[in-house]
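Spelled out from the first residue to the last, the chains are:
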Amino acid sequence: MGSLIAYSGIATKVKAMERWRIKDEQFLEMAALETVADAVQYLRSFLPYREIFDQVEDGDLHRGNIEQHLNLSQYRDFAKLYQFANIKQRRFLDLYFMHYEITILKTCLRNAAGHREQRQDLSMFRDFFERHSALDLITLSQSQNMEEFIGNLKGSAYYGPLYQMLQNGRVTLPACETALDMLYFRSMWKIKDKYLSKNEQKIIAQCFGTRMDVLNLQWIYRSKKFYHLAPADIYAILIPINLHLTKAQINRMVEAESADEFLTLLETTWYKRSLPAGLRDEPDLKSVADEINDRIYLLTSRREPYSIAILNSYLYFKEREIERIITTLESIRYGVKIS
């Protein structure tokens, strides 16, 4: 009864926001449009996207600008839920917010590393981050190189791991992004036990544990298929936490002689039930991972509708929706049909 009372209000709020989620058939309708401007006009029929695109002229609909506005939609949804949440629910949202910080940090990091054709204007996110974050977003976005970027993080939880890499002469864009991801998952895994109830800990462990497992599987496969990394280098990029994979299984996959041998070993793990029949013909572990994560997040929210699962699930699927919108817009931009 306590959970029902504590979560009935925010559960109603989530259900109201879910009404605007884009359905599969609507994504297909959008994908069939001729231009990106047409697709953005289509998005304006959904309240969350009408709110962010109504003041944007068609001439300003370049890729970077669109993606920034879509990300702003995520942050607005988070802010609405945060405003509606009670103290205990806000503790979880404060933990979850680290994910948004790291997404923005990666954008700033790529700017500093010189991997952007033009620097992005992140000022539209400033108000949101000033309410929820201690980071100076504008200063970080103006960093001219990796060393300056790391220096501008001083005083935050992100400074230590990246500064250590700088001291060791191992500062590269992929290494820094991996370090940020690892910090996020380690922090969530550790802090959840401090702030959440036993039942909520189980929910978050199921969702984040699965995400860490499938991320590690993707990294092992890519390391073998595309980069031919030595086992020692692969171990260095893996998240040292696992849920349904044993350490022995991970070791065998890391030590596998080839990507094909890795796939054979993958079929002996807990995840074998989730692997499609044709995986060996067209290995696409990203799609497999997305399907597994989607299923876990949906299952936990259905089993525990009056718990932290509804917030965790809503924010996850909002992010997945944004990813799918961006993929759809890119298919229109380059004339690639989505079936």
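Residues numbered from 1 in each chain as written. Predicted model: local features only at pLDDT ≥ 70, side-chain atom pairs only at ≥ 80, totals over all residues. Heavy atoms only, no water.

Regarding the overall build of the protein chain
Within the protein chain, the secondary structure is distributed over 17 helices and zero strands. At 21 Å, the protein chain has a C-alpha radius of gyration in line with the 20 Å of a compact globule built from 339 residues. With the principal axes as the frame, the protein chain shows a C-alpha extent of 55 × 55 × 45 Å. Buried positions account for 49% of the 339 residues belonging to the protein chain. Sequence-distant contacts, at least 24 apart, represent 65% of the contacts inside the protein chain between residues at least 6 apart. In the form shown here, the protein chain has an accessible surface area of approximately 17400 Å², with 50% of it arising from carbon and sulfur atoms. Positive and negative side-chain charges in the protein chain, numbering 45 and 44 respectively, have mean positions lying 7 Å apart. (Helix = DSSP H or I, 4+ residues; strand = E, 2+ residues; numbered from the N terminus. Rg over C-alpha atoms; globule rule 2.2 N^0.38 Å. Buried < 20%, exposed > 50% of the residue type's maximum accessible area, 1.4 Å probe, protein only. Contact = heavy atoms within 4.5 Å. Areas by Shrake-Rupley, 256 points an atom, 1.4 Å probe, with all protein chains shown as cover. Lys, Arg positive; Asp, Glu negative; His and termini not counted. Charge placed at Lys NZ, Arg CZ, Asp CG, Glu CD.)

Re a nonpolar patch on the surface
On the surface, F226, Y227 and L229 cluster together into a nonpolar patch covering about 340 Å² of accessible area. Tracing the chain through its elements places F226 in helix α12 (residues 198-227). (Patch = residues over 30% accessible without salt bridge, like charges linked within 9 Å, V, L, I, M, F, W, Y side chains within 5 Å. Salt bridge = Lys/Arg side-chain N within 4 Å of Asp/Glu carboxyl O.)

Some remarks on the environment of S123
Within the fold, S123 resides in the loop between α6 (87-112) and α7 (126-132). Taking the relative accessible area as the measure of exposure, S123 reaches 37% and is therefore partly exposed.

Thoughts on the nonpolar core
Within the largest apolar cluster, 110 residues are counted, with the highest numbers of intra-cluster contacts made by Y49, F53 and F149. Top element by residues in this core is α6. It accounts for 13 residues. For F53, the contacting residues outside a window of four places in its chain are V40, L43, R44, L61, I66, H69 and L70. (Core = buried A, V, L, I, M, F, W, Y, C linked by side-chain atoms within 4.5 Å.)

What to know about the packing of aromatic side chains
Aromatic rings considered in pairs are described by the distance between their centres and by the relative angle of their planes. Taken as a whole and assessed by the stated rule, the structure comprises 23 aromatic pairs. Between Y75 and Y100, the ring centres sit 5.2 Å apart and the planes meet at 75°, which makes this aromatic pair edge-to-face. With Y75 in helix α5 (residues 63-84) and Y100 in helix α6, this residue pair connects regions lying 25 residues apart in the sequence. Residue class for Y75 comes out buried when judged on its relative accessible area of 1%. Within the aromatic cluster, the residues linked to one another by ring pairs are Y75, F78, Y82, F92, Y96, F97, Y100, F125, F128 and F129. (Phe/Tyr/Trp six-rings, centres within 6.5 Å; stacked < 30°, edge-to-face > 60°.)

As for a negative patch on the surface
A cluster of like negative charges, contributed by E34, D38, E57, D58 and D60, occupies part of the molecular surface. Mapping D58 onto the fold places it in the loop between α4 (47-53) and α5.

Points about the confidence of the model for the protein chain
Overall, the predicted model of the protein chain reaches an average pLDDT of 92, with 97% of residues at or above 70. The lowest-confidence element of the protein chain is helix α8 (residues 137-141), averaging 90 in pLDDT; the highest-confidence one is helix α14 (residues 247-254), averaging 98. (pLDDT = per-residue confidence, 0-100.)

Considering α14
Along α14, the residues classified as buried are Q249, I250, M253 and V254. One side of α14 carries all its buried residues, which in axial view fall inside an arc of 130°. Among the structural elements, α12, α13 (231-237) and α15 (259-266) are those in contact with the buried residues of α14. (Arc of directions from axis to C-beta.)

Observations concerning the environment of S45
Mapped onto the secondary structure, S45 falls in the loop between α3 (36-43) and α4. Residue S45 is classed as partly exposed on the basis of its relative accessible area of 43%. Taking C-alpha positions, S45 is 41 Å from K198, a pair spaced 153 residues apart along the chain. Once residues lying within four places of it in the same chain are set aside, the contact partners of S45 are W20 and R50.

Describing the packing of helix α2 (residues 24-31) against α3
Axis separation between α2 and α3 bottoms out at 9 Å; the angle between their running directions is 150°. One way to sum up the angle between α2 and α3 is to call them roughly antiparallel. Only A39, Y42 and L43 of α3 make contact with α2, whose side of the interface consists of Q26, E29 and M30. The residue inventory of the contact of α2 with α3, partitioned by class, reads four nonpolar, one polar and one charged. (Axes fitted to C-alpha atoms, helices over the stretch in contact; angles between N-to-C directions. Parallel < 35°, antiparallel > 145°, perpendicular 65-115°, else oblique. Nonpolar A, V, L, I, M, F, W, Y, C, P; charged D, E, K, R; others polar.)

What to know about the pattern of salt bridges
With the rule as written, the count across this model stands at 17 salt bridges. The partner of K318 in a salt bridge is D77, with the nearest N and O atoms 3.3 Å apart. In this pair, K318 is assigned in helix α17 (residues 309-333) and D77 in helix α5, connecting sequence segments 241 residues apart. Looking at K318, the relative accessible area reads 6%, which means it is buried.

Re the state of the cysteines
A complete count under the given rule lists zero disulfides for this structure. Of all cysteine sulfurs, the one in C176 lies closest to C108, which takes part in no disulfide; the gap is 13 Å. (Disulfide = S-S within 2.5 Å.)

Focus on the packing of α6 against α17
Packing of α6 against α17 brings their axes to within 11 Å, and their N-to-C directions diverge by 25°. Viewed along their axes, α6 and α17 adopt a mutual orientation that is roughly parallel. For the pair α6 and α17, the crossing hand works out as right-handed. Residues Q89, F92, L93, Y96, H99 and Y100 of α6 pack against L311, N312, L315, Y316 and E319 of α17. For the contact of α6 with α17, the per-class residue count stands at seven nonpolar, three polar and one charged. (Left-handed = near helix turned anticlockwise from the far one by under 90°.)

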